[in-house]
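# Understanding the architecture of this molecule
Letter by letter, the chains look like this.
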Amino acid sequence: MLNPIKVLTVGHSKETIESLQQVLRKQTNVKSAARLLNGHVDPLQGIRELPDVLLLQVGQNWENELAALNVRPPSLRPTILAMGPSNDPNLLRRAMKMGVRDFLTVPIDEAEVITALKQIQEEKRSAQNPVPQRITAVLNAKGGSGATLLASNLSTFMAEKLKLRVALVDLDLQLGASALCLNLSPKTGIGDALSAADEVDSAALRGYMTHHGSGLDVLANVPHTVIEPTTVTPNQVDHLLTVVAQNYDHVVVDLPRSIDSLTLQVLARADRIVLVLQQHLSHLHDAKRLLNALRGHLDDVDNRVTVAINRYEGKGNIGIREIQGALGLKFHALIPNDYKRVCKAEDQGTPLYQYAPSAAITKSLSNLARNLAGVQPVKGGLLRRLFSSQQTTQ
Ligand SMILES: Nc1ncnc2c1ncn2[C@@H]1O[C@H](COP(=O)(O)OP(=O)(O)O)[C@@H](O)[C@H]1O
Ligand SMILES: [Mg+2]
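Now for a quick tour of the structure. (Residues numbered from 1 in each chain as written. Chains lettered and ligands numbered in written order. Predicted model: local features only at pLDDT ≥ 70, side-chain atom pairs only at ≥ 80, totals over all residues.)

### Notes on the site of ligand 1
Close to ligand 1 lie 20 residues, the nearest being Asn140, Gly146, Ala147, Thr148 and Leu149. If you list the elements that add at least two residues to the shell around ligand 1, you get helix 5 (147-160), strand 12 (305-312) and helix 14 (339-348). It is helix 14 that provides the largest number of residues to the shell around ligand 1, a total of four residues. Split into classes, the residues belonging to the shell around ligand 1 amount to nine nonpolar, eight polar and three charged. (Near = placed C-beta within 6 Å. Helix = DSSP H or I, 4+ residues; strand = E, 2+ residues; numbered from the N terminus. Nonpolar A, V, L, I, M, F, W, Y, C, P; charged D, E, K, R; others polar.)

### Some details on the environment of Pro78
For Pro78, the position within the fold is in the loop between helix 2 (62-70) and strand 4 (79-84). For the pair Pro78 and Leu54, spaced 24 residues apart in sequence, the C-alpha to C-alpha distance is 6.1 Å. Not counting the four nearest positions on each side in its chain, Pro78 is found in contact with Leu50, Pro51, Asp52, Val53 and Leu54. (Contact = placed C-beta atoms within 7 Å.)

### Thoughts on the sheet that holds strand 4
Read from one edge of the open sheet, five strands run 2-1-3-4-5, paired in parallel fashion. With partners counted over all chains shown, the strands left at the sheet margins are strand 2 (30-36) and strand 5 (102-105), one partner each. Neighbour to neighbour, the strand axes of the sheet diverge by 20° on average, direction disregarded. Sheet topology note: the strand 1 (residues 5-11)/strand 2 ladder contains seven bridges and is parallel. By the bridge assignment, Thr9 is partnered in strand 2 with Ala34. Its contacts with the sheet place helix 1 (residues 14-25) against strand 1, strand 2 and strand 3 (53-57), and it is angled at close to 170° to strand 2. (Pairing = 2+ DSSP bridges. Axes fitted to C-alpha atoms, helices over the stretch in contact; angles between N-to-C directions.)

### Describing unusual backbone geometry
The step from Val106 to Pro107 runs through a cis peptide bond, and the omega angle for that step is 0°. Of note, Asn183 is a non-glycine position whose phi angle comes to about 60°, a positive value. Topologically, Asn183 is positioned in the loop between helix 6 (178-181) and helix 7 (190-195).

### Some points on the nonpolar core
Membership of the largest hydrophobic core comes to 82 residues, with the highest contact counts inside it found for Val138 and Leu275. A total of eight residues in this core trace back to one element, the largest contributor, which is helix 5. Setting aside its immediate chain neighbours within four residues, Val138 contacts Ala147, Leu150, Ala151, Val252, Val253, Asp254, Leu255, Val274 and Val276. (Core = buried A, V, L, I, M, F, W, Y, C linked by C-beta atoms within 7 Å. Buried ≥ 20, exposed ≤ 12 C-beta atoms within 10 Å, placed from the backbone.)

### Focus: the environment of Leu334
Secondary-structure assignment places Leu334 in strand 13 (residues 332-336). Judged by the 23 C-beta atoms lying within 10 Å of it, Leu334 is buried. Along the chain, Leu334 and Asp52 lie 282 residues apart, while their C-alpha atoms are 49 Å from each other.

### Considering the sheet that holds strand 7 (residues 166-170)
Taken in spatial order, the eight strands line up as 8-9-7-10-6-11-12-13 in an open sheet, and their pairing is mixed. Two strands in the sheet have a free side with no partner beyond their single neighbour: strand 8 (210-211) and strand 13. The sheet contact formed by strand 12 and strand 13 spans five bridges and is parallel. Among the inter-strand pairings, Asn310 is bridged to a residue of strand 13, identified as Ile335.

Encoded structure:
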């Protein structure tokens, strides 16, 4: 049983407040109180015990009402759901800027209020019971480096072999290939999930997922559709990622090769960023540019990036030391070149651990998957010494 959420409804219209009170009182998990904002501007003036949520009907004097709330330090401010007219862009902008959680337009849709409250309650509950959430973002330094191959193989391995609840999110909204790589054809997918991101809860999320035989759930684009990334906001990506992370042990995100507000949103939250490149000067050059850009935008990049040198060959053009020196990073993984097996496995839509369980490429991918999931690598063996000993130990 969840603790009830304390909601204080404040406004200028007795009628609106009363009708909201009636709706809220019918909710089992809501403890509702109300006050009429009569004469004073601070909606929380004189309130001793702060509610979890302030449901605020803003009035003509909205600027002062919001300003009064804004002077409180964030820790002394409840989550605010504002209600008001939709035709005042200044009001909307101001409300969003000061961190108002949601803006509900009048006349109030009561179902919308209940949905917003349920979501807040769910978040409150997860904050109280933190679960180890691990998000791995996979990004390539150059197109065709192998990010999608890695993302699909790492995630299926974690699901089937490590028995984790894993979601693979394909955020390459235009040309995502991870579903195809796994022989899946999503009927509904990430486009719909992003459009509904504000309301998606655990139950709705399941509907957007496509299940793979390994146990993995895939959130990808439906075939032959292209989502225009400018129609998606970083907030939608963030909300969706939050719900996915709450529902799975591990989330792997396959990213497009782009540094924009959407990919940065994911990279900011990722516990680990797997940067995939091959042993070519052009790859190294782009990896360096990419890393420098990330360092400029995000915190703690160097401790979160694992460089995956894909299609690795001992006699390759550029050695590991050179790559590490140029990028200034400590963690790396080596994924050997195995064109024949990779092509066959991809054409069949089969993960490598099924298609070629004892191949060197499979072992190195498995060890990287274990490493990312925080599971000890398999002990012993020449392959382990060759590949996994050089992988990140975090
Ligand atoms: N380790 C590897 N050995 C051989 N071929 C590989 C390997 N990794 C990737 N490839 C080949 O490169 C292609 C592009 O990989 P992909 O994962 O789609 O790259 P990205 O997502 O970075 O654009 C794959 O379809 C596969 O044919
Ligand atoms: Mg890709």
